[in-house]
Protein chains: 2
Amino acid sequence: MAATIRDVARRAGVSVSTASLALNGKPLVSPKTRQKVLQAARELNYHPNAVAKSLADGRTRTLALFIPVTLEHLFSSAGFFGRLLQGMHRAALERGHHLSLHIVESEEEAAEQIRTLLRSRRADGLILTNPTVDPPYLPALKEAEIPVVFLGRPLGDWPHVNPVDHVDNDNVEVGRLGVQHLAEKGHERIALLNGPSRFTFCLDRLEGYRQGLRERGLPYDEALVWTSDMTEEHAYTTVLSALEGGLEFTALLATSDIQAVGALRALRELGLRAPDDVAVLAVNNTALTRYYVPPIAAIDLHEERLGYEAVQLLLRRLSFPDPSCSNDPNDARKARTGKHVRVPCTLVPRASCGCSSV
Amino acid sequence: MAATIRDVARRAGVSVSTASLALNGKPLVSPKTRQKVLQAARELNYHPNAVAKSLADGRTRTLALFIPVTLEHLFSSAGFFGRLLQGMHRAALERGHHLSLHIVESEEEAAEQIRTLLRSRRADGLILTNPTVDPPYLPALKEAEIPVVFLGRPLGDWPHVNPVDHVDNDNVEVGRLGVQHLAEKGHERIALLNGPSRFTFCLDRLEGYRQGLRERGLPYDEALVWTSDMTEEHAYTTVLSALEGGLEFTALLATSDIQAVGALRALRELGLRAPDDVAVLAVNNTALTRYYVPPIAAIDLHEERLGYEAVQLLLRRLSFPDPSCSNDPNDARKARTGKHVRVPCTLVPRASCGCSSV
DNA sequence: GCTCGAGATCGAACCGGTTCGATCAAGAAC
DNA sequence: GTTCTTGATCGAACCGGTTCGATCTCGAGC
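Quick notes on the rules
Along each chain, residue indices are assigned from 1 in the same order as the chain's sequence is written. Here the convention is simple: chains get letters from A, ligands get numbers from 1, in the order in which they are written. The predicted nature of this model means local features are confined to residues of pLDDT at least 70 and side-chain atom pairs, given and counted, to a pLDDT of 80 or more, with totals for whole chains, interfaces and linings taken over all residues. Values reported for side chains reflect all heavy atoms of the structure, with hydrogen atoms and water molecules removed beforehand. Here a residue is near a molecule or strand as soon as one of its heavy atoms is found within 4 Å of it. Whenever a nitrogen or oxygen atom comes within 3.5 Å of another N or O atom, the pair is scored as a polar contact, on the condition that within protein one atom can donate a hydrogen and the other can accept it, and that pairs from neighbouring residues in sequence are kept only if both atoms are in side chains. Should any heavy atoms of two residues lie within 4.5 Å, those residues are counted as being in contact. Summed over both partners, buried area is the accessible surface (1.4 Å probe) that two parts give up on being assembled. A pairing counts as a salt bridge when a side-chain nitrogen of Lys or Arg comes within 4 Å of a carboxyl oxygen of Asp or Glu. The superposition of copies rests on a least-squares fit of C-alpha positions from residues with pLDDT of 70 or more in both. Pairing of aromatic rings covers Phe, Tyr and Trp, the last through its six-membered ring, and needs centres within 6.5 Å; plane angles under 30 degrees mean stacked, over 60 mean edge-to-face, and all others mean tilted. Labels follow the DSSP assignment, with helices taken as runs of H or I lasting at least four residues and strands as runs of E lasting at least two, numbered in each case from the N terminus. Between buried and exposed lies partly exposed: a residue is buried under 20% and exposed over 50% of the maximum accessible area for its type, with that area taken using a 1.4 Å probe on protein chains only. Any residue that is not Ala, Val, Leu, Ile, Met, Phe, Trp, Tyr, Cys, Pro, Asp, Glu, Lys or Arg is counted as polar, Gly included; the first ten are nonpolar and the last four charged.

Asks: Honestly, the protein's contact with DNA strand D in this entry has me stumped. Any pointers?
Replies: Close to DNA strand D lie 27 residues, the nearest being I5(A), R6(A), S20(A), S15(B) and T33(B). For DNA strand D, the fraction of protein-proximal atoms (within 4 Å) that sit in sugar or phosphate groups is 60%. Here a phosphate oxygen of DNA strand D and a side-chain polar atom of T18(B) are 3.0 Å apart. S30(B) is positioned with one of its backbone polar atoms (N or O) 3.1 Å from a phosphate oxygen of DNA strand D.

Encoded structure:
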């Protein structure tokens, strides 16, 4: 069996409490005693039991990550998901924390799992991806008063969960950047293939799209804004039917890699080629955009960074526990306003927008 | 604060031990008492603390999953990774277990993390992906004597870790199936673009490839077997240089989606088209193969099932603890021979092999 | 030489469950 | 009526840490 702290104490000839203090680097032990204890620990190959530690100090050092499968694009977008997790894991590891993974079919299932997770107190904090308006897990969060970080901007005021921290890209900037790039290449009729408006990133990108047009002095034409699910098939049919009337346009900004692929299929079927007839720019720089024929220009969202920042934010919140109990008005104010981290985006030009032959 | 079992006991007017028995459905309590306890628990909104439970019974109900980032293809293969996790999570959830995720840069880092994880006793079992020959984490596993399941066939006898359970596809069959399909369409000169031989699935697929040829009475030509890293770039250069000599062949089996894409780029550059000049078949049915132009026929490995079975296997092993301590020779034998689950594969025909226009 | 205080050490309680051996009550057997 | 058995219940110990308040030691100050 593995050595316990009592074994170490016995061997070092000190009490258990002294051994604990020494092992944790607390200042109250004499150097001599500390050495004895550390030596004994080494000899016994002692390593503290994480579960016992958690029970004693009430911290599991575990962060729970919830991902709804319904976010198809997260899963189908090649590599996106993996890079996200990679960043999260790195941040957690740096601070001695662990990631527990929860993949749910729906937000209802998320609510269910969050509830049982919190009741059994298996996590110190939660990371939730792409919340919709008033998601069903809100009461569970409220009940447990556990720190939460959202990946993506939550919509509305969320009076129950307080404060609301979140990490995302500046999606207005994503839309703006896309339009700017295409406009710079001389395009004046730029279509937007957007996703469902229940996703705040879609709302924001639309806003950025309009802003970009405005800055360029280009008119906003509603007929050029199409909405499809974040699947290849639906993007394909959406673009096909949008173009039935014979619209005039020379550039297309798609809000995901997968939708860009669907759009390209539709264009191809109508005899239109990228970039010659239509310049195409996607959001999400993945294997799909990189290896497509032609390679699809894409806005990189830096998923690894996104995940990293989300965990960092959560850990920071965990270091300032009980914000509502704080008496310092300064602390309270800080705590009350949710923190927000913005991760920059980068445009990767490729053949599909006429930028490069690569 | 949340109610504890002592609160429940007090309210129900019974002892803590009786409350525990009642709550866990143990047979020794009278129906009357059980009702009282359950009622009290309901009224207090009692939910047992998972950490305390773990400390008491020594089971964390956590399974740790290790994924080396170096398995580029897992990450770049669109969706593969997500589906794998999905299956694992489903199996774990069904049995009240949790998944903790560990993404490592190398097997050395894996060894390091496994060691600290096991020392702090944070997991009951491990899932390791694609072990190489004699990986550096072997001593750590041996030291802890913790149940392990491998995703992919481990190479060699692994005298230290006993028994070795693993889950994988029948990769010999994968190779065989690929060749058979292409041969059925009349191809006689079938090239194989394989991955590095440190991966056992590559060894097995090569074996299957040879077997398939043999069954069809086709000669094995070493010049038609190429090896590249599992990246698009390396696959591309490998195929380019392989074809410098002007080889004769009409079909190509690639051992990953990403390599198929690289191969197609090389072929295109040499003026060869799929499927007209060369029929192409890939392993890994992902967004990349599905949405490529032309769509790439692919062998689906059923990742979701792979993940599901891996967790199931691990949980089964956890139900028969201490196999080496068992005195029943029958048990011992069962325990000593590692269990092995094979997940079937399915061929999805698409345009690239000349099967379908979709 | 005695007092005082700071620093080191210790014992015990605690975190929230499970489990084992002892006790107790009730019904069966004689 | 006494003894034996069986099932229900209980108290206490345990899992392996942390932490708090009490005690002990020793040197400084008077």
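Asks: Which parts of the structure should I look at to understand the interface of chain A and chain B?
Replies: Bring the parts together and some accessible area is lost; that lost area is often taken as the interface size. Between chain A and chain B, the contact holds 50 residues from the first and 50 residues from the second. Here chain A and chain B share an interface that buries about 4300 Å² over both sides, 63% of which is from carbon and sulfur atoms. Sorting the residues of chain A by area buried against chain B places R121(A), R122(A) and Y291(A) first, and these three jointly supply 16% of that buried surface. Remark: the boundary between chain A and chain B carries zero salt bridges. For the interface between chain A and chain B, the tally reads 14 residue pairs in polar contact (both at pLDDT 80 or more).

Asks: Can you walk me through the relation of the copies chain A and chain B in this structure?
Replies: Aligned on chain B, chain A shows an RMSD of 0.0 Å; the corresponding rotation is 180° and the shift along the axis is 0.0 Å. This pairing of chains is accounted for by a two-fold axis. Both copies share a contact surface, since 100% of the interface residues of chain A are interface residues in chain B too.

Asks: Sorry if this is basic, but what is going on with the packing of aromatic side chains here?
Replies: Within a pair of aromatic rings, the relevant descriptors are the distance that separates the centres and the angle that separates the planes. What the rule picks out here adds up to six aromatic pairs over all chains. Each ring, one from Y209(A) and one from Y220(A), has its centre 6.3 Å from the other, and the planes form 75°; the classification is edge-to-face. Highlighted residues: Y209(A) in helix α10 (residues 200-215) and Y220(A) in the loop between α10 and β7 (225-227), separated in sequence by 11 residues. For Y209(A), a relative accessible area of 1% puts it in the buried group. With a relative accessible area of 31%, Y220(A) lands in the partly exposed category. Seen from their ring centres, W226(B) and F249(B) are 5.6 Å apart, and the 85° between their planes marks the pair as edge-to-face. Residue W226(B) is located in strand β7 (residues 225-227), and its partner F249(B) is located in the loop between α11 (232-242) and β8 (251-254); the two are separated by 23 residues in the primary sequence.

Asks: I tried to follow the protein's contact with DNA strand C on my own but got confused; where do I start?
Replies: Taken together, 26 residues sit near DNA strand C, with S15(A), T33(A), I5(B), R6(B) and S20(B) positioned nearest. Counting only the atoms of DNA strand C within 4 Å of the protein, the fraction contributed by sugar and phosphate is 61%. Residue T18(A) places a side-chain N or O atom 3.0 Å away from a phosphate oxygen belonging to DNA strand C. Mapped onto the surface near DNA strand C, the elements with two or more residues apiece are α2 (16-23) and α4 (50-57) of chain A together with α1 (5-12), α2 (16-23) and α4 (50-57) of chain B. Taken together, the residues of the surface near DNA strand C break down into 11 nonpolar, 12 polar and three charged.

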